[in-house]
Structures are given as structure tokens and as C-alpha cells.
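The primary structure of each chain is shown beneath.
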Amino acid sequence: MSAPPRILDAGEAALVVEFGVAVDPAINDRVLALDDALAADKPAGITETVPTYRSLMIHYDPMVLDRGTLTRRVLDLTRGDPRRAAAPALWVLPCCYEAPHGEDLEAVAELVGQPPGTVAALHAGATYRVYMYGFAPGFAYLGGLPEALAVPRRPSPRPPHPTNAVMIGGGLAAVATVPMPTGWYVLGATPCRLYAPERSESFFVSPGDGIRFEPVDAATFTELARREAAGERVARREEGIR
Amino acid sequence: MTVLAIEAAGPGVTLQDRGRRGYLRFGITAAGPMDSLMFATANRAAGNPPDATAIEISTGGLTLAAPEGPLGLALVSAGFRVALDGEALPPSCALTLAPGQTLTVRAGPTGAWGYIAVCGRLAVAPVLGSTATHTRSALGGLDGRGLRAGDRLAVAQARAGDDAPQRLLAPWLDRDPARIRVVLGPQDDYFSPDQIAAFLEGPWTVSARGDRMACFLDGPPLTHMRGHDIVSDGVAMGAIQVPGNGLPIVLMADRQSTGGYPKIATVIGSDLGRLAQAQGGTRLSFTAVTVDEAVAARRAEAAILKEDVPREPVLRTDFSAQFLLGLNLVGGVTDGRA
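Residues numbered from 1 in each chain as written. Chains lettered and ligands numbered in written order. Predicted model: local features only at pLDDT ≥ 70, side-chain atom pairs only at ≥ 80, totals over all residues. Heavy atoms only, no water.

Remarks on the overall build of chain B
A tally of helices and strands in chain B yields 5 helices and 23 strands. What you see for chain B is a C-alpha radius of gyration of 22 Å, in line with the 20 Å of a compact globule of 338 residues. Taken along its principal axes, the extent of the C-alpha atoms in chain B is 80 × 45 × 35 Å. For chain B, with 338 residues in total, the buried portion stands at 56%. Here the contacts in chain B between residues at least 6 apart in sequence split such that 77% fall between residues at least 24 apart. Carbon and sulfur atoms form 53% of the exposed surface of chain B, whose accessible area is close to 13,800 Å². (Helix = DSSP H or I, 4+ residues; strand = E, 2+ residues; numbered from the N terminus. Rg over C-alpha atoms; globule rule 2.2 N^0.38 Å. Buried < 20%, exposed > 50% of the residue type's maximum accessible area, 1.4 Å probe, protein only. Contact = heavy atoms within 4.5 Å. Areas by Shrake-Rupley, 256 points an atom, 1.4 Å probe, with all protein chains shown as cover.)

Now the structure itself:
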């Protein structure tokens, strides 16, 4: 059985429940299991929770819920290494690695000493874990990038990428949700919008879910992007991730 | 419908409500007011719910009119220069803006943020449950941007306010920024005891390059005991992160939801506003308090907001040149109505 988590104060209105200090699926599972347990338990006074790689931040109203009560509840809910409430989803996202989308495919191919086609195949062959969101709206950090593609981030940012760019950098993968300059490398683009504030389901991917990229040609990408823009969600959900 | 017309707005003037809740887990910034006590005071003075949408005024200033009909306003600031048709008003006042009149708010000797609450409801559509503007991700407010000249804000259930401008008396907003209370952690164990002491003692100088995202502090750099990179974790408002250069950065309303630098301490909720109001050049130091002390401070603040905001008629002690000329003092002519 694992050791109980460390509980740290982030001021008087947030607790950090820390299960470790590394990027590790087992640690992330413990974070998400506590998040699930709190979502089911709903102690009054918790305003929101933020799962990260290795800890859960619990924002709370200290005038409703006192720190001692919350701490005891958290320790109760983490006792005996509970499992997650439900199996995570696996999402299949179409991805076009062709021009003009795979802007940095050649650059990565050169960095890793493999042909561009191999880089794309390696990227599309992996199943990624959504560790956490952060940095920008709907920006999910994806673990599980093949070792062969573990290039460091750029020393200085490249010009802004388009929305829905599929990127790698620093041993992680990501899908850009808003255009911005980046230190990541753009391998392709997905027609899927992981973040759509006006859509009733603004986000459909949750921390802990799996993601696979399915190669499509440029013509298919254009057609899927048109359907996505018309309100359809072209990402496919598959059950039984692992 | 009654309309509030923006005739001029400097950078950083935005619409805010209490902030976006429940989406931090998806990387969505909370936003919301920089000084929540002043924001709530303005809403209270306008007779609104404490978290109603209001205008946050930066030192960039703001000029307003109500062309379609009279509109009551409560303006709360800590030293901004306020004038109605060129006639000076107190930094915190309640008034009715009548068609044809112009209200101007400009930066003053103290304070970095002010709030205008309208008597009524600013009719702005919420995005992800909130009207709070986060300009970096273009969310909330008007198209996710700051207010600018030409904007017209519809006001639902508009009410006129006091006939003559009233001074708002909110002594709880006279807060000294020189001492800011913090709760140590969550990563204070990345710093040796002497570095924690150096952090608390300062003194730190508030940099002029701060904004809604962060308050930057200048002073003797701190050193880390075990590096300055951590695996990213959650970030609360008021978190004080210490990056590689050793200069603390206090993360404010527009902070990102997570971050990868050690956070030596967190500013307590009740002192976030006083820190936000510190202009560039302000010197400050930190005092470590317990969670219980921080909660007690919150309770005291909550009690204040249960009371009405006292007001008194504006006594004309600060005359504009235009007003003095209008008195025609040279001729000594008395009021014809006498």
C-alpha cells in the first residue's frame, strides 16, 4: 500500500494533496482517484479541484469548510489506494501530417535522424495519456510520446501555430487550442476542437483519458474540419483504454 | 434600454464579475477582480449583489456617459482623480450620470484599480458561466477584450441614484501595502531557513511592469536549495513563485491554472487587494501568519460587507478652475434668487 499523500497549504483557501514529485501514470491515477472520490462525496465548501501530474489542488471556502475537516476527509478518501470511479475513455483524433499542416515534420525528422514518414508513424502509433490541463484554455499535456521522438523544446519560440496544431516537445505531446508562439514542434493538425467555449460540452477530454492520432490525408482533413465547424464532433470514442 | 457609453478607455479597463469557477481543471483562468473587497464594496454601494458584473478601471483611466437616460453609479477607488463635467469628485462616490454629462476617472497618487458598479445590471452574456474578462484567452466581457471608446453597455433594470453626488465612506479600503501577510508554502521546503527569512524581511519593491496576471517584485534575489523547477502543479491566486532569477512573482487574477516554479508562500485572501493596489515603486515586506489567522481576516472582511456603505454629501472643497470662474467672484454678484 502506498504512503498517505502530503498535504500542503496554498494559502488559506487551497490545499495541495501531493502523491509524488514525478510524472508517472500510477501517481496520476492516485490524483484522479481522489478527484473522483471528492466529486462523489461533494463536501460542502469545495469550490473546485485541479488535477495535475502528481497532485490535486483543492480550492475551498475556508468559511464553510475548515482545513482540519477537509484534511481528515482527504486522508479518509485516500486510505487503501482507491481506484478510479470509472474506466477512462480513449479518444481517436484524426490527424493530418501532410503539408501544409506538418510544418515542423522535416525539422523533427532531422533532429531524430529518421525520415518524416517514420516520425509521423511513430507519433500515430502511440497511445497518449492526458495527464493534466494547464498553460492555456483546453491545453492538455499528453504523456506517452515514443522515446525516439523525445526532442527538447526549442531554445526560442517559433512563430504562432494555427489552432488544433498537433505538437511535440520536451518529451510530451499536445494539441494546441489557441494560436500562439511556441517552443514545441508542429507535426500535424487535427480537425477536432478540444476546446470550444460556445459548445454545450466545451471540453470532452478529461484528465486520465487516452488519445490516439489517426493519420488522414489533406482532403479528408478539410472535409472533417468542415463537419467539425458545422457542430459535429469528429473525434471517436472507444471504450476500454487499457 | 439605458446605456452606459464608453467615450474613452485606457488599456486594461475590463468587465469583471467574481470570476470564472469550475474550469481551472481545463486550463481556464478564473480572472475576476484584482481587488475583490473594493469590487464588492462598489456593488454594495450600488445596491447590487456582491458578485455582479462591474467595470474594473486601470490606471489607464475611463470616460463615461449615459446618453439614453439617467443612470446611478457607485465608483470606488483608492486615490483616482474623478470629475463630473470637469468638476472634481471624491475618489469614491455615488452619483447619477444624466444624459449630456461626462464622468472621467484618471490615475491618481495612489491605487492601481478602481471599480464602477451601475445601479442595475450590465447586460453582458456570460461565457463558461461568467462575464469576467480574460484578455489573454479572449474570454468574457465584450468579445474577450478590454473596453474601448465607442462601446455601449446595455443596462437592464437601470435605476437612477442620488440626486447630488455623495462621498462613499469605506475606511476598510484604506489599507497599507507595506506589510503583506502570507501563509508559507506550498513549496517553502525548496528554500533554506535563512532564505525564508530574507524573503519575509525584504524589503521588496513593486515593479511597474505588473498587470492583472502578476505582480513582480525587485530586491536581493533569493536562492533555491534544490533547483527552481518542479513538476507543474496547481496555482492559487496570491501564490508567490520564485523562478531561476530569484525574484518573487505574485500570481494574481489572470494567472495560469498551473505552474512549474516553487511557490515559497501564498498571499492571504484579505491582503490580495492591498497588494494589487500598490503602484510601481511601493516598498513592502511579508509577514507569515497561520491559516487560522488568515481565515479570521476573511471573516472580518465578510462582516464589513454585510453593512451598507455609509455616504455623505460632497462638500465642495476641491474646486475646478471652471467652477471657480462660474462663481463670478470678481464681480461679487450675489445669487439673484435671494
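Quick look at the pattern of salt bridges
In a structure, side chains of opposite charge can pair up when their charged atoms sit close to one another. Under the definition given, this model contains 36 salt bridges over all chains. For Asp 104 of chain A, the salt bridge identified is with Arg 154 of chain A, shortest N-O distance 2.9 Å. Of the two residues, Asp 104 of chain A is situated in the loop between strand S5 (90-95) and helix H3 (105-112) and Arg 154 of chain A in the loop between strand S7 (140-143) and strand S8 (165-169); the sequence distance between them amounts to 50 residues. A residue is classified by how much of its surface remains accessible, and Asp 104 of chain A, at 8% relative accessible area, is buried. Among the ionic pairs, Arg 226 of chain B bridges to Asp 189 of chain B, the shortest N-O distance being 3.2 Å. (Salt bridge = Lys/Arg side-chain N within 4 Å of Asp/Glu carboxyl O.)

Let's talk about the confidence of the model for chain B
Residue and element names in this part refer to chain B. Per-residue pLDDT for chain B averages 93, and the proportion of residues at 70 or more is 93%. With pLDDT under 50 throughout, residues 329-338 is counted as low confidence; its partners more than four residues away or in other chains account for 2 contacts. Reported confidence for the predicted complex is 0.94 by ipTM and 0.93 by pTM. (pLDDT = per-residue confidence, 0-100.)

Thoughts on the sheet that holds strand S10 (residues 114-118) of chain B
Residue and element names in this part refer to chain B. Ordered by their spatial adjacency, 7 strands build an open sheet running S2-S3-S10-S5-S8-S13-S23, and the pairing between neighbours is antiparallel. The strands lining the two open edges of the sheet, one partner per strand, are strand S2 (14-16) and strand S23 (311-313). Each adjacent strand pair in this sheet contributes to an overall mean axis angle of 30 degrees, direction not counted. With 3 bridges connecting them, S2 and strand S3 (residues 54-57) associate as antiparallel partners. Counterpart to Gln 16 in the pairing with S3 is Ala 54. Running at roughly 25 degrees to S10, helix H1 (residues 36-45) makes contact with S2, S3, strand S5 (71-76), S10, strand S13 (166-168) and S23 of the sheet. (Pairing = 2+ DSSP bridges. Axes fitted to C-alpha atoms, helices over the stretch in contact; angles between N-to-C directions.)

Remarks on the domain arrangement of chain A
Residues and elements named next belong to chain A. As assigned here, chain A comprises domain 1 (6-77) and domain 2 (90-238). For domain 1 versus domain 2, the distance between C-alpha centres works out to 30 Å. Contacts between the two partners involve 9 residues from domain 1, matched on the other side by 8 residues from domain 2. Across the interface of domain 1 and domain 2, roughly 730 Å² is buried in total on both sides, 61% from carbon and sulfur atoms. On the domain 1 side of the contact with domain 2, Asn 28, Leu 32 and Tyr 53 bury the most area, a combined 56% of that side's loss. Inspection of the domain 1/domain 2 interface yields 1 salt bridge. Our count for the domain 1 to domain 2 interface comes out at 4 residue pairs in polar contact (both at pLDDT 80 or more). Looking at the side of domain 1 that touches domain 2, the element that brings in the most residues is helix H1 (residues 25-41), giving 4 residues. Split by residue class, the side of domain 1 that touches domain 2 holds 5 nonpolar, 2 polar and 2 charged. (Domains from an automatic or database assignment. Buried area = accessible area lost by both parts, 1.4 Å probe. Polar contact = N/O pair within 3.5 Å; in protein donor to acceptor, adjacent residues only side chain to side chain. Nonpolar A, V, L, I, M, F, W, Y, C, P; charged D, E, K, R; others polar.)

A word on the environment of Ile 6 of chain B
Residues and elements named next belong to chain B. Mapped onto the elements of the fold, Ile 6 is located in strand S1 (residues 2-9). C-alpha separation for the pair Ile 6 and Gln 241, spaced 235 residues apart in sequence, amounts to 37 Å. In this view, Ile 6 contacts Leu 62, Thr 63, Leu 64, Leu 147, Arg 148, Ala 149, Gly 150, Asp 151 and Leu 153; residues no more than four positions away in its chain are not counted.

Some details on the packing of aromatic side chains
What the rule picks out here adds up to 14 aromatic pairs over all chains. For the pair Tyr 128 of chain A and Phe 213 of chain A, a centre-to-centre distance of 5.6 Å together with 65 degrees between the ring planes defines the contact as edge-to-face. Taken together, the residues span a long stretch of sequence, with Tyr 128 of chain A in strand S6 (residues 128-133) and Phe 213 of chain A in strand S11 (residues 210-215) at a distance of 85 residues. For Tyr 128 of chain A, a relative accessible area of 1% translates into the label buried. According to the relative accessible area criterion, Phe 213 of chain A is buried, its value standing at 1%. Measuring from ring centre to ring centre gives 5.9 Å for Phe 39 of chain B and Tyr 115 of chain B, while their planes differ by 80 degrees; the resulting arrangement is edge-to-face. One end of the pair, Phe 39 of chain B, is in helix H1; the other, Tyr 115 of chain B, is in strand S10, and 76 residues separate them in sequence. Residue class for Phe 39 of chain B comes out buried when judged on its relative accessible area of 2%. The structure contains a cluster of three or more aromatic residues connected by ring pairs, namely Tyr 53, Tyr 131, Phe 135, Phe 139, Tyr 141 and Trp 184 of chain A. The aromatic ring of Phe 204 of chain A is capped on one face by Arg 233 of chain A, whose charged end is 4.8 Å from the ring centroid. Over the aromatic face of Phe 216 of chain B sits the side chain of Arg 209 of chain B, whose NZ or CZ is 3.9 Å from the ring centroid. (Phe/Tyr/Trp six-rings, centres within 6.5 Å; stacked < 30°, edge-to-face > 60°. Lys NZ or Arg CZ within 6 Å of the ring centre and 35° of its normal.)

Here we look at unusual backbone geometry
Cis geometry marks the peptide bond from Ala 99 of chain A to Pro 100 of chain A, where omega comes out at 0 degrees. Relative to the helices and strands, Pro 100 of chain A is located in the loop between S5 and H3. Cis geometry is found at the peptide bond from Gly 202 of chain B to Pro 203 of chain B, where omega equals -10 degrees. Of note in the backbone geometry, Ala 31 of chain B takes a positive phi value of approximately 55 degrees without being a glycine. Within the secondary structure, Ala 31 of chain B is located in the loop between S2 and H1. A relative accessible area of 7% places Ala 31 of chain B in the buried class. One non-glycine residue, Ala 138 of chain B, adopts positive backbone phi at about 55 degrees. Relative to the assigned elements, Ala 138 of chain B resides in the loop between strand S11 (121-122) and strand S12 (152-156). The class for Ala 138 of chain B is partly exposed, based on a relative accessible area of 48%.

Re the domain arrangement of chain B
Residues and elements named next belong to chain B. Here the domain parsing of chain B yields domain 1 (2-170) and domain 2 (179-302). Averaged C-alpha coordinates put domain 1 and domain 2 at centres separated by 28 Å. The interface is formed by 23 residues belonging to domain 1 together with 16 residues belonging to domain 2. Contact between domain 1 and domain 2 buries roughly 1,600 Å² in total, counting both sides, with carbon and sulfur atoms accounting for 48%. Our count for the domain 1 to domain 2 interface comes out at 2 salt bridges. Note that Arg 212 and Glu 56 form a salt bridge whose closest N and O atoms lie 2.7 Å from each other. Our enumeration of links across domain 1 and domain 2 arrives at 11 residue pairs in polar contact (both at pLDDT 80 or more). Sorting the residues of the side of domain 1 that touches domain 2 by element identifies S2 and H1 as the ones contributing at least two each. Residues of the side of domain 1 that touches domain 2, tallied by class, amount to 10 nonpolar, 10 polar and 3 charged.

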